[in-house]
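# Commentary on secondary and tertiary structure
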Amino acid sequence: MTPEKLALTTNSRARKPRSEGAPDNALAAQLLAQLGPKKVLHHLSERLNYRYDAIQFGVTPLAVVLPESTADVVAAVKAAKAASVPIVGRGAASGLSGGVTPLQESLVVSFTRMTGLQIFPERREAVAQPGVVTLKVTEAAKPHGLMYPPDPASFRTSTIGGNLGENAGGPMCFKYGVTGDYVKALEFVDADGDVHRLTRDCYDLAGLLIGSEGTLGLMTEATLRLIAPPRFTRTLMCHFAEVGQAAEAVSSAIAAGAVPSKLEFMDRACTNAVEDYLHLGLPRDAEAVLLVDTDGDDAAIVDAELELVALACGAAGGTVRRAATPAEADALWQARRSISPSLGRIRPQRMNEDIVVPRSALPDVVREIRALGDASPFHLVQFGHIGDGNLHPNIMFDPRTEDEAAVHDLAHQIALVAIRHGGVLSGEHGIGTMKREFMKDAVDPVTLEALWDVKKALDPAGRLNPGKILPEMMMVDR
């Protein structure tokens, strides 16, 4: 986080929102008249805090609406439409691709007050508004003997709306799937302010909205599938002398039939950043570390599956350490969930890649990325949900002293590695602005035009989160 962003965030916590006085622009005046001063932020000092996500700054919005209901969202969208002003939906702003940063003067709709949550145990469902923090769903389901598996590393701060917009995953994604796998129904407001309620059938428009980063509609409610939690969990850590060995172990374990509930990767730079921060006793000299959970309802099967992973790790040259107690297992997973704050101690800014590649390509990919990092002037770390082929190479830099153009060039080279090995640009962080231009390398022109056709069908005027995902391009001859 840059000093500028830190100052803005600190000030926003110390100061209650001001809504007295004349609004700064006509849109704000209209919204104040319709929604009242408690739901509209219009002073510059308030609006400044809504121009960034976790890594990127944008343009200060004209106004910010804090809706408390779908009706409030409808009113905001219709006012913005009448004023021909773009609309940017926003949750906790913990995203890592520039997805909620306004690129022009816009209306920001911040869903932090839409926190309604109901659990229906007889249907194994939760109905959540977009501002519900992800962890709250599992906490609310737990007394009913249920759980909500999607668990992004930011689950203590990220919201259901943001998870829907990015189709977020998390450490449990390999076995249990990602956000979209648990959505049974959606409610959203379109670019005209009309409300739609969708189920997962026919053309599955809900599936199209999930992962669209707010470019097709503003999601206002989701019906989520819940499941029974496993009775038993086992945990191990394995460390390796060479980064590619960890990837080889992953491929071997899965080929042998193991389906771990969590299978996470950290390279040496990442492990040392966490160890500097938390002092958990992680192996500093290891070039790579795997963290693994197996789980299920039969303890013998869970133990056998962990043994499959341990054997694969040993055959790849790894040193295995099993967690002897739940507390030891919790400490290991604390290391994984503490990566982001740990990396923030290295440099004030980072570009977080989010590539996904076939598991068979993982050894080559992690080695090629390591080579790119070694040849660059930047501090590059790798971690991610390696069981799902999802890697997060992070380029650490200081924008005050280091060339951001060179950072983007390195990010582009990493993206090209993924594409060359049959991978894609994003598994859960989205395209946003950071990888928008890389789409020209990843998607052929005819398909890009088809994606633009979808965008134009649902948002003809292009007012929903403009400038995200799809690059501008020449139209293709049919």
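Everything quoted here is computed from the prediction, not taken from an experiment.

A separate point is the UniProt feature "domain: FAD-binding PCMH-type" (unreviewed entry) in the protein chain. Here the UniProt-annotated "domain: FAD-binding PCMH-type" (unreviewed entry) positions come out as residues 57-229. Helix makes up 21% of residues 57-229 and strand 23%. Its end C-alpha atoms lie 39 Å apart.

Moving on, we get to the pairing of strand 10 (residues 232-240). As judged from the 9 bridges shared by strand 10 and strand 12 (residues 288-296), these two strands associate in the antiparallel manner. Counterpart to Phe240 in the pairing with strand 12 is Ala288. Of the pairings in the sheet, the one linking strand 10 to strand 13 (residues 319-322) comprises 4 bridges and is antiparallel in character. For Leu236, the partnering residue across the bridge sits in strand 13 and is Arg322.

Before going further, it helps to examine helix 2 (residues 26-35). The complete set of buried residues in helix 2 reads Leu27, Ala28, Leu31, Leu32 and Leu35. Taken end-on, helix 2 shows its buried residues confined to a sector of 135°, consistent with a single buried face. Those residues of helix 2 that are exposed and aimed more than 90 degrees away from the buried face are Ala26 and Ala33. Those residues of helix 2 that are buried lie in contact with strand 1 (40-41), strand 2 (63-65), helix 4 (70-82) and strand 4 (107-110). Regarding helix 2, its N-cap is Asn25, as a side-chain oxygen of that residue lies 3.3 Å from the backbone nitrogen of Leu27 further along.

With 6 of 6 residues buried, strand 11 (residues 262-267) lies mostly within the body of the structure. Judged by which residues are buried, strand 11 turns out to be covered on both faces: Lys262, Glu264 and Met266 on one side and Leu263, Phe265 and Asp267 on the other are all buried. Across 6 bridges, strand 11 lies against strand 12 in antiparallel orientation. Bridge pairing links Leu263 to Val292 in strand 12.

Time to look at the environment of Ser212. Within the secondary structure, Ser212 is located in the loop between helix 8 (205-209) and strand 9 (218-225). Residue Ser212 is classed as buried on the basis of its relative accessible area of 5%. It is 31 Å that separates the C-alpha atoms of Ser212 and Ser251, two residues lying 39 residues apart in sequence. Ignoring any residue separated from it by four or fewer positions in sequence, one finds Ser212 in contact with Gly165 and Ile469. For Ser212, the side chain forms a polar contact with the main-chain oxygen of Leu209, separated by 2.6 Å.

This brings us to the packing of helix 9 (residues 243-255) against helix 11 (residues 299-315). At a minimum axis distance of 8 Å, the contact between helix 9 and helix 11 shows a crossing angle of 140°. Classified by the angle between their axes, helix 9 and helix 11 sit oblique to one another. When you trace helix 9 past helix 11, the crossing you get is right-handed. Here helix 9 contributes Ala249, Ser252 and Ala253 to the contact with helix 11, which in turn contributes Val309, Ala312 and Cys313. For the contact of helix 9 with helix 11, the residue count by class is 5 nonpolar, 1 polar and no charged.

Right, let's get into the side chain of Thr101. With respect to the element layout, Thr101 can be found in the loop between strand 3 (87-90) and strand 4. Separated by 2.8 Å, the side chain of Thr101 and the backbone oxygen of Gly98 make a polar contact. Contacts of Thr101, omitting those with residues within four sequence positions, involve Arg51, Tyr52, Asp53, Gln56, Phe57, Gly58 and Lys468.

Strand order across the open sheet formed by 4 strands is 1-2-4-3, with mixed pairing between neighbours. Of all the strands in the sheet, the pair left with one neighbour each is strand 1 and strand 3.

Moving on, we come to the packing of aromatic side chains. One pass over the structure, following the stated rule, counts 2 aromatic pairs. Measuring from ring centre to ring centre gives 6.1 Å for Tyr148 and Tyr182, while their planes differ by 80°; the resulting arrangement is edge-to-face. Within this pair, whereas Tyr148 is found in the loop between helix 5 (134-141) and helix 6 (160-166), its partner Tyr182 is found in the loop between helix 7 (173-176) and strand 7 (183-189), the two being separated by 34 residues in sequence. The exposure class assigned to Tyr182 is buried, which follows from its relative accessible area of 3%. The ring of Trp333 has Lys262 lying over it, and the distance from NZ or CZ to the ring centre is 4.7 Å. Over the ring of Phe155 we find Arg337; its NZ or CZ atom is 4.1 Å from the centre of that ring.

Turning next to the pattern of salt bridges. One pass over the full model with this rule turns up 26 salt bridges. Among the salt bridges present, the one from Asp295 reaches Lys175, with a minimum N-O distance of 2.6 Å. With Asp295 in strand 12 and Lys175 in helix 7, the pair connects residues that are 120 residues apart, well separated along the chain. We classify Asp295 as buried; its relative accessible area is 6%. What makes Lys175 partly exposed here is its relative accessible area of 31%. Put simply, Asp398 and Arg400 hold a salt bridge, and the shortest N to O gap is 2.9 Å. Judged by relative accessible area, which is 11%, Asp398 ranks as buried. Under the relative-accessibility criterion, Arg400 is labelled exposed at 59%.

The antiparallel open sheet is built from 3 strands, whose spatial order is 14-19-16. The sheet is open, and its two edges are formed by strand 14 (349-352) and strand 16 (379-381), each paired on a single side. Taken over all neighbouring pairs, the strand axes of this sheet differ in orientation by 25° on average, direction set aside. Here strand 16 runs beside strand 19 (residues 394-397); their pairing, made up of 3 bridges, is antiparallel. Paired with His379 across the bridge in strand 19 is Met396.

Cut-offs and rules
- Starting from 1, residues in each chain are numbered consecutively following that chain's sequence as written.
- For a predicted model such as this one, the threshold for reporting local features is a pLDDT of at least 70, and the threshold for listing and counting side-chain atom pairs is 80 or more; totals across whole chains, interfaces and linings nevertheless cover every residue.
- Based on all heavy atoms of the structure, the side-chain values leave hydrogens and waters out of the count.
- UniProt positions are given in the numbering used here, feature names are shortened, and annotations may be inferred rather than shown by experiment.
- Put simply, DSSP marks the helices as runs of H or I at least four residues long and the strands as runs of E at least two long, and each gets a number from the N terminus on.
- Any two strands with at least two DSSP bridges between them are considered paired.
- Categorising residues by exposure relies on relative accessible area from a 1.4 Å probe, with only protein chains included: less than 20% of the type maximum marks a residue as buried, more than 50% marks it as exposed, and the intermediate range marks it as partly exposed.
- The directions considered for the arc run from the helix axis to the C-beta atoms.
- Working rule for contacts: check all heavy atoms of both residues, and any pair within 4.5 Å makes them a contact.
- By the criterion applied in these results, polar contacts are pairs of N or O atoms within 3.5 Å in which, for protein atoms, one can donate a hydrogen and the other can accept it, and in which residues neighboring in sequence qualify only through two side-chain atoms.
- Angular values range over 0 to 180 degrees, each being the angle between N-to-C directions of two axes fitted as lines to C-alpha atoms, with helices fitted over their stretch in contact.
- To sort the angles, those under 35 degrees are grouped as roughly parallel, those over 145 as roughly antiparallel, those from 65 to 115 as roughly perpendicular, and the leftovers as oblique.
- Left-handed describes a crossing whose near helix is turned anticlockwise from the far helix by less than a right angle; the clockwise case is right-handed.
- Residues are grouped as follows: nonpolar covers Ala, Val, Leu, Ile, Met, Phe, Trp, Tyr, Cys and Pro; charged covers Asp, Glu, Lys and Arg; every other residue, Gly included, is treated as polar.
- Each Phe, Tyr or Trp ring, with Trp reduced to its six-membered ring, pairs with another whose centre is within 6.5 Å; inter-plane angles below 30 degrees give stacked pairs, above 60 give edge-to-face pairs, and intermediate values give tilted ones.
- Note on criteria: charge over ring means Lys NZ or Arg CZ within 6 Å of the ring centre, with the direction from the centre no more than 35 degrees off the ring normal.
- Each salt bridge in this description consists of a side-chain nitrogen of Lys or Arg and a carboxyl oxygen of Asp or Glu lying within 4 Å of one another.

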